[in-house]
Amino acid sequence: MLQALAGCSDKNSADNAAPSPQAKVDATSATTPAADGKLILAFGDSLYAGYGVGPNESFPVKLQAALMKRGISASVVNAGVSGDTSAAGLNRLTFTLEGLPRKPDLAMINLGGNDMLRGIDPAETRANLTEICEELHKRGIPIVLTGMVSAPNMGRNYAERFNPIYAELARKFGAALYPFFLEGVITDRALMQADSIHPNPKGVDIIVGKVAPLVVSKLESK
């Protein structure tokens, strides 16, 4: 499934670039939703940030549009920062939450992919993601996890330690889980950018179509 990532698991991959100052600004800005609207935090790395696509083609922007089509008034805050590992995400979580206009109705988490690409010990990834989920849980913020799976060339031992992280955290914190963010997209070159890591606008559309129902279900279960 992840053969496309096999040649990209090094420190020179596009997602490992230093985040831009604008990305940090976007991560803490949001339009205050209508009184009856929902506030959703999309907290992650370049797959949320919209690396390589236009400002109106990122996952958070298209998710917001998809929710609106389903009759849900929502503001989806793009708190994706390209290059972020789970540790970097943990370090900026409180700052990001405190920069929002109010407590979000839902937090979506997409971190760990850069950990895997860099060969970071899965135990560290698990610990960081656990702390992130614990903080959100403590604040009473429901969680949706969009996961990642290990590239084949990371080896069986690494995969056995990395791949279960998201499902186990979902069970522990009552989070909704979309197991692999790039499912059904990464194997189709027509849906991916040239780096074989990030989806193009068509790929983002497909991902949004699959994730949106999960988001709706989680919002309605509150």
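So, here is what we can say about the structure in this document.

Moving on to the overall build of the protein. The number of helices and strands found in the protein is ten helices and five strands. A total of 222 residues make up the protein; the buried ones form 54% of that total. Taking the intrachain contacts of the protein between residues at least 6 apart in sequence as the baseline, contacts between residues at least 24 apart amount to 81%. Total accessible area computed for the protein in this model is approximately 9,700 Å², and 52% of it derives from carbon and sulfur atoms.

Along the polypeptide, glycine 209 turns up in helix H10 (residues 201-220). Relative accessible area serves as the criterion here: at 41%, glycine 209 is assigned to the partly exposed category. Glycine 209 sits 146 residues away from leucine 63 along the chain, and the two C-alpha atoms are 8.2 Å apart.

Next up on the list: the sheet that holds strand E3 (residues 106-110). Across the sheet, which stays open at both edges, the five strands sit in the order E2-E1-E3-E4-E5 with parallel pairing between neighbours. What marks the edges here is a single partner per strand, and that holds for strand E2 (74-80) and strand E5 (176-178). This sheet shows a mean twist of 15° between the axes of neighbouring strands, independent of strand direction. By the bridge criterion, three bridges tie E3 to strand E4 (residues 143-146) in an arrangement that is parallel. Each bridged residue has a counterpart across the sheet, and for isoleucine 109 the counterpart in E4 is leucine 145. Helix H5 (residues 86-98) contacts strand E1 (38-44) and E2 of the sheet and is inclined by roughly 155° relative to E1. Most of the contacts of helix H7 (residues 122-138) go to E3, to which it runs at about 175°, and overall it touches E1, E3 and E4.

The subject of this paragraph is the side chain of serine 86. As for its position among the elements, serine 86 is in helix H5. Using a relative accessible area of 0% as the deciding quantity, one classes serine 86 as buried. At 2.6 Å, the side chain of serine 86 and the side chain of aspartate 115 are in polar contact. Excluding residues within four positions of it along the chain, serine 86 makes contact with Leu111, Asp115, Glu124, Thr125, Asn128, Leu129 and Ile132.

This brings us to the packing of H7 against helix H9 (residues 165-173). Viewed as axis vectors pointing N to C, H7 and H9 meet at an angle of 25°, and their least axial separation amounts to 11 Å. Viewed along their axes, H7 and H9 adopt a mutual orientation that is roughly parallel. Of the two elements, H7 crosses H9, and the hand of that crossing is right-handed. Residue-level contacts link Pro122, Thr125, Arg126, Leu129, Thr130, Cys133, Glu134 and His137 of H7 to Ile165, Tyr166, Glu168, Leu169, Lys172 and Phe173 of H9.

Right, let's talk about unusual backbone geometry for a bit. A negative phi holds for most residues other than glycine; trans holds for most peptide bonds. Even without glycine at this site, serine 196 takes up a positive phi of about 65°. Positionally, serine 196 belongs in the loop between E5 and H10.

Once that is clear, we can look at H7. Between its first and last C-alpha atoms H7 spans 24 Å; for 17 residues at 1.5 Å apiece the expected length is 24 Å, and the two agree. One side-chain oxygen at the N-terminal end of H7 lies 2.9 Å from the backbone nitrogen of alanine 123; it belongs to aspartate 121. Directly after H7, the chain includes glycine 140, whose backbone phi takes a positive value near 75°.

Counting through the fold element by element, aspartate 195 comes out in the loop between E5 and H10. Sequence separation between aspartate 195 and glycine 52 is 143 residues; the distance between their C-alpha atoms is 9.8 Å. There is a polar contact of 2.6 Å between the side chain of aspartate 195 and the side chain of histidine 198.

The buried fraction of E3 is high, at five of five residues. Neither face of E3 is exposed, since Leu106, Met108 and Asn110 on one face and Ala107 and Ile109 on the opposite face are all buried. With five bridges joining them, E1 and E3 adopt parallel strand pairing. Along E3, the bridge assignment pairs phenylalanine 43 with isoleucine 109.

Reading the values: rules and limits
- Residues numbered from 1 in each chain as written.
- Predicted model: local features only at pLDDT ≥ 70, side-chain atom pairs only at ≥ 80, totals over all residues.
- Heavy atoms only, no water.
- Helix = DSSP H or I, 4+ residues; strand = E, 2+ residues; numbered from the N terminus.
- Buried < 20%, exposed > 50% of the residue type's maximum accessible area, 1.4 Å probe, protein only.
- Contact = heavy atoms within 4.5 Å.
- Areas by Shrake-Rupley, 256 points an atom, 1.4 Å probe, with all protein chains shown as cover.
- Pairing = 2+ DSSP bridges.
- Axes fitted to C-alpha atoms, helices over the stretch in contact; angles between N-to-C directions.
- Polar contact = N/O pair within 3.5 Å; in protein donor to acceptor, adjacent residues only side chain to side chain.
- Parallel < 35°, antiparallel > 145°, perpendicular 65-115°, else oblique.
- Left-handed = near helix turned anticlockwise from the far one by under 90°.
- Expected span 1.5 Å × (residues − 1).

On their own, these measurements won't tell you what the molecule is for.
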